[in-house]
Amino acid sequence: MVVGDFAVKVDTVVIGGGVGGYVAAIRAAQMKQKVVIIEKDKLGGVCLNVGCIPSKALITAGHKYQDALSKAETFGVSTEGVKLDFMKTQEWKQTKVVNKLTSGVQMLLKKNKVEIVKGEAVLVDDHTLRAVNEGSAQTYEFKHAIIATGSRPIEIPGFKFGGRVIDSTGGLALTKVPKKLVIIGGGVIGAELGGAYANLGAEVTIIEGSSQLLPTYEKDMVKVVETEFKEKGITVVTNAMAKEAIDNDESVTVKYEMDGKEEAFEADYVMVTVGRRPNTEDIGLEQAGIAVNERGLIPVDNQGRTNISNIFAVGDVVPGPALAHKASYEAKIAAEAISDRKVAVDYKAIPLVAYTDPELASVGLTMNEAKEKGLDVKASKFPFAANGRALSLAKSEGFIRLVTTVKDNILVGAQIAGVGASDIVSELTLAIECGMNAEDIALTIHPHPSLGEVMSDVSELALGIPIHI
Ligand code: FAD
């Protein structure tokens, strides 16, 4: 501690104001703790400012544009002179979506009497940290700390960020829709933003190192997206290794290698979305004695406790999928554990969603994963083409699949490729959490017509008594 610097004593200090941090802070305050949250940039973190939310806003804008431009005819609606004012799109995204949510976070923190501190936090030891902001600094003495400093995009050799070489944050902030956009990495972020920009009028090429777009999803699910991508004119190059980007001021040349041959694309921008790295380097982990693994992630126990028993970590800085809902789930567990509640994480049912066209969602085990675990399971697959609501929305591509045990039809996993997958998956997540079987779902009355009916239909299929197929 600096001489003359009086430490402020708090029960819990939270480092980082993203979805992991602000949720942890509010829950700890609800448990009657005196809480300080320290954020160096913007409350809401990646998800609200430059991640989940703004990306979905651009995806929505792309859908609206396409609907007006080309799809309206299908419904007998004539549209003429449809134009996109992308600056207006960006303004709407920022003022009506992002700013609304981030100011809401600030209000919630204040309402729960969490003290918000602007500054960069560095741990000094396992009970002290300093928050530095523009030359001034404050020391905090804490009983517990929760690290929620999140992650940042990975930069790859040959693709230094700057100019026409951008990361997802740059991709969300473009002021003009690029004529040509090359995306390195066909994972969820690349595929979502690729789809959005294609809908907004860009010619999109995705270069993916593995043999499949969206490698974390099953082949038959990805096929549904690939078909839609083809219709949008998106080129997907798989088994290709990105080598170098040359910024020519007016354009960028993207070189990649495929089958031992070097190829090149010319584009307005190249966006690199190959993964994210945890922000664990400059936060004083060593001074506090906190261990990290070989990927820089902080290993934690089932309450989010690091190897230092009074310091917890949640969200993108700990192992597991980098997802906002995982971060906020872990945040609540950590905050409650600190407050002496008997809680522990259970990752049996984390829904994964890709907001592509159509959406993909998966929860629990796939067939292969279930078999690898030695479970005797079967798959039941029901098409959206047999769902009245999907047809009336003119979005009938795709399917839902349940993975259930052969003996008693207990739901252990589900995969959805189709319209509304991001919402449908919630009911199946609850079903897995509650150990339900196909009969429980089949006997649940779903409104008609609704996309949710695919769940009772596919459950009846699992029971061998389908009505609609
Ligand atoms: P972050 O959101 O990264 O927040 C960490 C905060 O800590 C930041 O505000 C940072 O400024 C602050 N900080 C860092 N170091 C310090 C320090 N030393 N002192 C003080 N403050 C510090 N997930 C989903 O579940 N669904 C989606 O649809 C989705 N879409 C995404 C789209 C994009 C384009 C991207 C990039 C990500 C997306 N994600 C999505 C992932 C999601 O955004 C992250 O998993 C989530 O933000 C992690 O939350 P977090 O609180 O761990 O970290």
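Residues numbered from 1 in each chain as written. Predicted model: local features only at pLDDT ≥ 70, side-chain atom pairs only at ≥ 80, totals over all residues. Heavy atoms only, no water.

**Some details on the overall build of the chain**
Item 1. The helix and strand inventory of the chain stands at 14 helices and 22 strands.
Item 2. Whereas a compact globule of 469 residues would reach a radius of gyration of roughly 23 Å, the chain reaches 24 Å, a difference of no more than 12%.
Item 3. On the principal axes, the C-alpha backbone points of the chain span a range of 75 × 60 × 45 Å.
Item 4. Summarising the internal contacts of the chain: among those between residues at least 6 apart in sequence, 63% fall at separations of at least 24.
Item 5. Total accessible area on the chain stands at roughly 22100 Å², and carbon and sulfur atoms take up 53% of it.
Item 6. Each charge class in the chain was averaged separately, 50 positive and 60 negative side chains, and the resulting centres sit 4 Å apart. (Helix = DSSP H or I, 4+ residues; strand = E, 2+ residues; numbered from the N terminus. Rg over C-alpha atoms; globule rule 2.2 N^0.38 Å. Contact = heavy atoms within 4.5 Å. Areas by Shrake-Rupley, 256 points an atom, 1.4 Å probe, with all protein chains shown as cover. Lys, Arg positive; Asp, Glu negative; His and termini not counted. Charge placed at Lys NZ, Arg CZ, Asp CG, Glu CD.)

**Regarding the domain arrangement of the chain**
Item 1. Under the domain assignment, the chain is made up of domain 1 (8–153 + 277–338), domain 2 (165–274) and domain 3 (352–463).
Item 2. Computed from C-alpha coordinates alone, the two centres of domain 1 and domain 3 are separated by 31 Å.
Item 3. Tallying the contact residues gives five residues for domain 1 and four residues for domain 3.
Item 4. Where domain 1 abuts domain 3, roughly 460 Å² becomes buried across the two surfaces, and 67% of that area is made up of carbon and sulfur atoms.
Item 5. Three residues stand out in domain 1 for area buried against domain 3, namely K56, H63 and F75, and they jointly supply 54% of the buried area on that side.
Item 6. Put simply, domain 1 and domain 3 have one residue pair in polar contact (both at pLDDT 80 or more) between them. (Domains from an automatic or database assignment. Buried area = accessible area lost by both parts, 1.4 Å probe. Polar contact = N/O pair within 3.5 Å; in protein donor to acceptor, adjacent residues only side chain to side chain.)

**What about the site of the ligand?**
Item 1. Close to the ligand lie 39 residues; G20, E39, K56, D316 and A324 are nearest.
Item 2. Within the contact set of the ligand, an oxygen atom lies 2.6 Å away from a side-chain nitrogen or oxygen of E39.
Item 3. One of the backbone nitrogen or oxygen atoms of V46 is found 2.9 Å away from an oxygen atom of the ligand.
Item 4. Protein burial of the ligand: of its 1000 Å² of free accessible surface, 94% is covered by the chains.
Item 5. Within the residue set of the shell around the ligand, elements represented by two or more residues are α1 (19–30), β2 (35–39), α2 (45–50), α3 (52–71), β4 (120–125) and α9 (324–338).
Item 6. With four residues, α2 is the largest single contributor of residues to the shell around the ligand.
Item 7. Residue composition of the shell around the ligand, grouped by class: 16 nonpolar, 15 polar and eight charged. (Near = heavy atom within 4 Å. Nonpolar A, V, L, I, M, F, W, Y, C, P; charged D, E, K, R; others polar.)

**Focus: the sheet that holds strand β11 (residues 235–237)**
Item 1. Spatial ordering of the open sheet is given by β8-β15-β9-β10-β11, a layout of five strands whose pairing is parallel. Each edge of the open sheet is held by one strand with a lone partner, namely β8 (165–166) and β11.
Item 2. Judged from the five bridges that link them, strand β9 (residues 180–184) and strand β10 (residues 203–207) form a sheet pairing that is parallel. Considered in β10, the bridge of L181 is made with V204.
Item 3. Packing of helix α6 (residues 188–199) onto the sheet brings it into contact with β9, β10 and β15 (269–272), and relative to β10 it is tilted by some 165 degrees. (Pairing = 2+ DSSP bridges. Axes fitted to C-alpha atoms, helices over the stretch in contact; angles between N-to-C directions.)

**Side note on the packing of α1 against helix α4 (residues 86–111)**
Item 1. It is the contact of α1 with α4, at a shortest axis distance of 9 Å, that shows an interaxial angle of 25 degrees. Put simply, α1 runs roughly parallel to α4. In terms of crossing hand, the pair formed by α1 and α4 is left-handed. Of the residues in α4, those touching α1 at Y22, A25 and I26 are V105, L108 and L109. (Parallel < 35°, antiparallel > 145°, perpendicular 65-115°, else oblique. Left-handed = near helix turned anticlockwise from the far one by under 90°.)

**Quick word on the packing of aromatic side chains**
Item 1. Enumeration according to the criterion identifies three aromatic pairs in this entry.
Item 2. On the numbers, 5.7 Å between centres and 15 degrees between planes, the contact of Y256 with F265 is stacked.
Item 3. Judged by relative accessible area, which is 23%, F265 ranks as partly exposed.
Item 4. A cation over an aromatic ring shows up here: R164 above the ring of Y269, its NZ or CZ 5.2 Å from the ring centre.
Item 5. When the ring centre of F399 is taken as reference, the NZ or CZ atom of K381 above it lies at 4.2 Å. (Phe/Tyr/Trp six-rings, centres within 6.5 Å; stacked < 30°, edge-to-face > 60°. Buried < 20%, exposed > 50% of the residue type's maximum accessible area, 1.4 Å probe, protein only. Lys NZ or Arg CZ within 6 Å of the ring centre and 35° of its normal.)

**Examining the state of the cysteines**
What makes a disulfide is a covalent bond joining the sulfur atoms belonging to two cysteines.
Item 1. Enumeration according to the criterion identifies one disulfide in this entry.
Item 2. C47 shares a disulfide with C52; S-S distance 2.2 Å. Torsion about the S-S bond of the C47 and C52 cystine: about -130 degrees, corresponding to left-handed handedness.
Item 3. The class for C52 is partly exposed, based on a relative accessible area of 27%. (Disulfide = S-S within 2.5 Å.)

**As for the sheet that holds strand β12 (residues 241–247)**
Item 1. Taken in spatial order, the three strands line up as β12-β13-β14 in an open sheet, and their pairing is antiparallel. Looking along the sheet, the strands with just one partner apiece sit at the ends: β12 and β14 (261–267). Sheet twist, expressed as the average angle between the axes of neighbouring strands with direction ignored, equals 20 degrees.
Item 2. Here β12 runs beside strand β13 (residues 252–258); their pairing, made up of six bridges, is antiparallel.

**Description of the side chain of T306**
Item 1. For T306, the location among the structural elements is in the loop between α8 (285–288) and β17 (311–313).
Item 2. Separated by 3.0 Å, the side chain of T306 and the backbone oxygen of I308 make a polar contact.
Item 3. Here T306 is in contact with I290, I298, P299, V300, I311, F312 and A313, once residues within four sequence places are set aside.

**Regarding the packing of α3 against α6**
Item 1. Contact geometry of α3 with α6 gives a least axis separation of 8 Å together with a crossing angle of 35 degrees. The way α3 lies across α6 gives a crossing that is left-handed. Here S55, K56, L58, I59, G62, H63, Y65 and Q66 of α3 lie close against α6, whose contacting residues are E192, L193, A196, Y197, A198 and N199.
Item 2. When grouped by side-chain class, the residues that make up the contact of α3 with α6 number seven nonpolar, five polar and two charged.

**Quick notes on α3**
For the α-helix, the turn length of 3.6 residues means that residues three or four positions removed from each other point alike.
Item 1. Inspection of α3 places P54, S55, A57, L58, I59, A61, G62, Y65 and Q66 among the buried residues, and these make up the whole buried set.
Item 2. Buried-residue contacts for α3 involve α2, α4, α5 (168–172) and α6.

**Focus on the pattern of salt bridges**
Item 1. This structure, assessed with the given rule, holds 14 salt bridges.
Item 2. Among the salt bridges present, the one from K381 reaches D220, with a minimum N-O distance of 2.9 Å. Residue K381 is located in strand β20 (residues 377–383), and its partner D220 is located in helix α7 (residues 219–232); the two are separated by 161 residues in the primary sequence.
Item 3. With its nearest N and O atoms 2.5 Å apart, the salt bridge here joins R401 to D220. Taken together, the residues span a long stretch of sequence, with R401 in strand β21 (residues 399–405) and D220 in helix α7 at a distance of 181 residues.
Item 4. Judged by relative accessible area, which is 7%, R401 ranks as buried. (Salt bridge = Lys/Arg side-chain N within 4 Å of Asp/Glu carboxyl O.)

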